[in-house]
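Chain residues, written in single-letter form:
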Amino acid sequence: MPSEHVILDSRKSFIIEKGVAAGATIDCDKESLSGAVSQRACVYCGARVVLNPITDAVHIVHGPIGCASYTWDIRGSLSSDSEMYRNSFSTDLREKDIIFGGETKLAKAIEEVYSAYHPKIIFVYATCVVGVIGDDVDAVCKLAEQTYNLRVIPVKSPGFTGNKRTGYKMACMALMQLMGDEPHEEKIPYTINYLGDFNLAAEAWIIQKYLREMGIRVISTITGDASYSTLINAPKASYNVVQCAGSMTYLAKQMKKTYGIPFEKVRFLGVDETVKALRKIAYLVGDTKVIERTNALIEREMKKTHERLETYKKKVAGKKAAIYVGGGFKAIALIKQFRNLGMHVVVVGTQTGDSEEYAMIRRLTEDGTVILDDANPSELQKFAMDKQADLLVGGVKERPLAYKLGMAFIDHNHERKHALSGFEGAVNFAKEVDMTLNSPVWHYVKNKNKTI
Ligand code: SF4
């Protein structure tokens, strides 16, 4: 493993090069190293991205204004109804509040929001400073619930109490609090909840369209395009299907324990994974007619998709890709998509992948691929350049890095405007890979592949 000065000693166990360190395992699922400038988001941010797409909820960020602005409309999740979630509310804590406590300010903020909007549900996020000064957020929320007769749910998310993955868990706990702890024995047949799709560019709607055709009704999409009424009905579903395993497996397990809903993990990224996911759901429901309809849907969509993908493959095959995304499940799906396009994946990293996911990443990658957990910008730069990647796929924080390196970039997260799930998404992805790799702009980039 190369260990130039850019790799801190304490970070070395989080990085491996496939084929070089035979048998070595990668460190993961641990707190970020202080001072290493992790690309990871904080606990609060993790919780906020999960809950934000509950479109008719009010989200109050109890903390300094910076926490709220950091995540304001961070993901452009689409709504089919309310646009309430597009607002960002903050208690804007100042020095005085930190000295005397922020509970009064929080109670006042809830009162103001209630009077102005009459929402059915308010989420209150506790940020770093609230964790430090020790406001009793639970008590304020409980009193507000009684006073205004609405749900006011605390989300315990001080940024320093873990990492983004902890935030996912806090969001899942808040959702369980919303849905309640009553067991629901009676299930509605042919219904599912679709977990872990934030409907960034209408993905949840694409998947719902497939499921409708198969004869399955989605009770709740958790949390893309979710609402108070769909969420409180979620315990009645017959099955849970989990797309983003990192954020939603905890919720699926809790719902299984409390409401007896079995769950399956699926991936709708790329053609192979989409086909596998649809078949998995059809067999989970186990109805012959559902299976027949699913097979017909797959056959029709494959015909439409195959030719289009081949066109793009001719234009991108042989190029090298680097991946740095939030979850391991997404990284795995991306490796498969790049392979199907005839490309080589030379760097793969995630913010929150677990050891099982990294084992799978190792199985799927070629010798020489650098695999890294919880990377920082210097590491990403070093390995992308060492391995001569032509393209980086990441999120909002990786875009400037790629462009400074003179490298093609794909946003697989916050800011994209086209869907990347399902058959349509596979074509959109291939098209974007071609457009960004073969953009004429790269002919004009000076110092390409030189250190910035
Ligand atoms: S919760 Fe803490 S780490 Fe997260 S944005 Fe606010 S201050 Fe920063």
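Residues numbered from 1 in each chain as written. Predicted model: local features only at pLDDT ≥ 70, side-chain atom pairs only at ≥ 80, totals over all residues. Heavy atoms only, no water.

Per an unreviewed UniProt entry, the recorded name for the protein chain is Nitrogenase iron-molybdenum cofactor biosynthesis protein NifE, and the organism is Vallitalea pronyensis. In the Sequence similarities (unreviewed entry) part of its UniProt record, the protein chain is described as follows: "Belongs to the NifD/NifK/NifE/NifN family." Regarding the protein chain, the relevant UniProt record gives this comment under Pathway (unreviewed entry): "Cofactor biosynthesis; Fe-Mo cofactor biosynthesis." (UniProt positions renumbered as here; feature names shortened; annotations may be inferred.)

1. Thoughts on the overall build of the protein chain
Broken down by element type, the protein chain carries 17 helices and 14 strands. For the protein chain, the C-alpha radius of gyration of 22 Å lies close to 22 Å, the compact-globule estimate for 452 residues. Across its three principal axes, the protein chain shows a C-alpha extent of roughly 65 × 60 × 40 Å. Counting across all 452 residues of the protein chain, residues that qualify as buried make up 56%. (Helix = DSSP H or I, 4+ residues; strand = E, 2+ residues; numbered from the N terminus. Rg over C-alpha atoms; globule rule 2.2 N^0.38 Å. Buried < 20%, exposed > 50% of the residue type's maximum accessible area, 1.4 Å probe, protein only.)

2. Some details on the sheet that holds strand β4 (residues 121-126)
What holds strands together in a sheet is hydrogen bonding between their backbones, with the strands either parallel or antiparallel. If you trace the four strands from one edge of the open sheet to the other, you get β3-β2-β4-β5, paired in parallel fashion. Strand pairing shows two members of the sheet lacking a second neighbour, β3 (89-90) and β5 (151-156), which therefore form its edges. Pairing between strand β2 (residues 58-62) and β3: two bridges, direction parallel. Within the sheet, the bridge partner assigned to isoleucine 60 lies in β3 and is phenylalanine 89. Across the sheet, helix α4 (residues 103-117) touches β2, β3, β4 and β5, and the angle it forms with β2 is around 160°. Contacting β2, β4 and β5, helix α6 (residues 137-148) runs over the sheet at an angle of about 170° to β5. (Pairing = 2+ DSSP bridges. Contact = heavy atoms within 4.5 Å. Axes fitted to C-alpha atoms, helices over the stretch in contact; angles between N-to-C directions.)

3. Thoughts on the side chain of asparagine 193
Mapped onto the fold, asparagine 193 is located in strand β6 (residues 188-195). Setting aside chain neighbours within four positions, we find asparagine 193 in contact with Ile219, Ser220, Ile222, Ala234, Ala237, Tyr239, Asn240, Val241, Met255 and Ile261.

4. Details of helix α14 (residues 355-364)
Within the span of α14, buried status applies to Glu357, Tyr358, Ile361, Arg362 and Leu364. For α14, the angular spread of buried residues about the axis comes to 165°, placing them on one side. Residues Ser355, Glu356 and Arg363 are exposed on α14 and point more than 90 degrees away from its buried face. Each element contacted by the buried residues of α14 is listed here: β1 (15-17), α10 (245-259), α13 (328-340), β11 (344-350) and β12 (370-373). (Arc of directions from axis to C-beta.)

5. Describing unusual backbone geometry
Cis geometry marks the peptide bond from isoleucine 222 to threonine 223; its omega dihedral reads 10°. Here threonine 223 shows up in the loop between β7 (217-222) and α9 (228-233). Of note, the phi angle at aspartate 29 is positive, near 55°, even though the residue is not glycine. When its relative accessible area of 42% is taken as the criterion, aspartate 29 is described as partly exposed. One non-glycine residue, asparagine 199, lies in the positive phi region at around 50°. Relative accessible area serves as the criterion here: at 0%, asparagine 199 is assigned to the buried category.

6. A short note on the pattern of salt bridges
Tallying each qualifying case throughout the model produces 25 salt bridges. A salt bridge links aspartate 29 to arginine 165; its shortest N-O distance comes to 3.6 Å. With a gap of 136 residues between them, aspartate 29 in the loop between β1 and α1 (43-51) and arginine 165 in helix α7 (residues 164-179) connect regions that are remote in the sequence. Taking the shortest distance from any N to any O, the salt bridge between arginine 94 and aspartate 92 comes out at 2.9 Å. The exposure class of arginine 94 is partly exposed, given its relative accessible area of 49%. Sharing partners across several salt bridges, the network here consists of Glu213, Arg300, Glu301 and Lys304. (Salt bridge = Lys/Arg side-chain N within 4 Å of Asp/Glu carboxyl O.)

7. Looking at the nonpolar core
One finds Met214, Ile323, Phe338, Met343, Leu391 and Val433 to be the most contacted residues of the largest nonpolar core, which totals 61 residues. Excluding residues within four positions of it along the chain, methionine 214 makes contact with Leu278, Ile281, Ala282, Val290, Arg293, Thr294 and Leu297. Formed by 42 residues, the second largest nonpolar core is a distinct cluster that contains Val49, Ile153, Met179 and Ala234. (Core = buried A, V, L, I, M, F, W, Y, C linked by side-chain atoms within 4.5 Å.)

8. A closer look at the side chain of serine 227
The residue serine 227 is located in the loop between β7 and α9 in this model. Serine 227 gets classed as buried once you look at its relative accessible area, which sits at 15%. In this structure, serine 227 is in contact with Ile54 and Asp56, ignoring residues within four places of it in sequence.

9. Focus: the sheet that holds β1
Strand order in this open sheet of six strands is β1-β12-β11-β10-β13-β14, and the pairing throughout is mixed. A strand with exactly one partner marks an edge of an open sheet, and here the two such strands are β1 and β14 (408-411). Averaged over neighbouring strand pairs, the angle between their axes works out to 15° when direction is ignored. Relative to β12, β1 runs antiparallel, the two sharing three bridges.

10. Here we look at empty space enclosed by the protein
Under the counting rule described, the total for this entry stands at three cavities of 30 Å³ or more. The space that makes up the largest cavity amounts to roughly 370 Å³. Taken together, 25 residues line the largest cavity, and the ones lying closest to its centre are Gly196, Phe198, Gln243, Cys244 and Lys330. Contributions of two or more residues to the lining of the largest cavity are made by α7 and α13. Partitioning the lining of the largest cavity into residue classes produces eight nonpolar, 10 polar and seven charged. What the second largest cavity holds in volume is close to 60 Å³. Forming the boundary of the second largest cavity are Tyr324, Val325, Gly326, Lys330, Gln351, Gly394, Gly395, Lys397, Glu398, His412, Asn413 and His414. (1 Å grid on protein atoms, 1.4 Å probe; cavity = no way out; pocket = protein on both sides within 12 Å on 5 of 7 lines; lining within 4 Å. Points joined across faces, edges and corners; volume = space filled by probe spheres on them. Nonpolar A, V, L, I, M, F, W, Y, C, P; charged D, E, K, R; others polar.)

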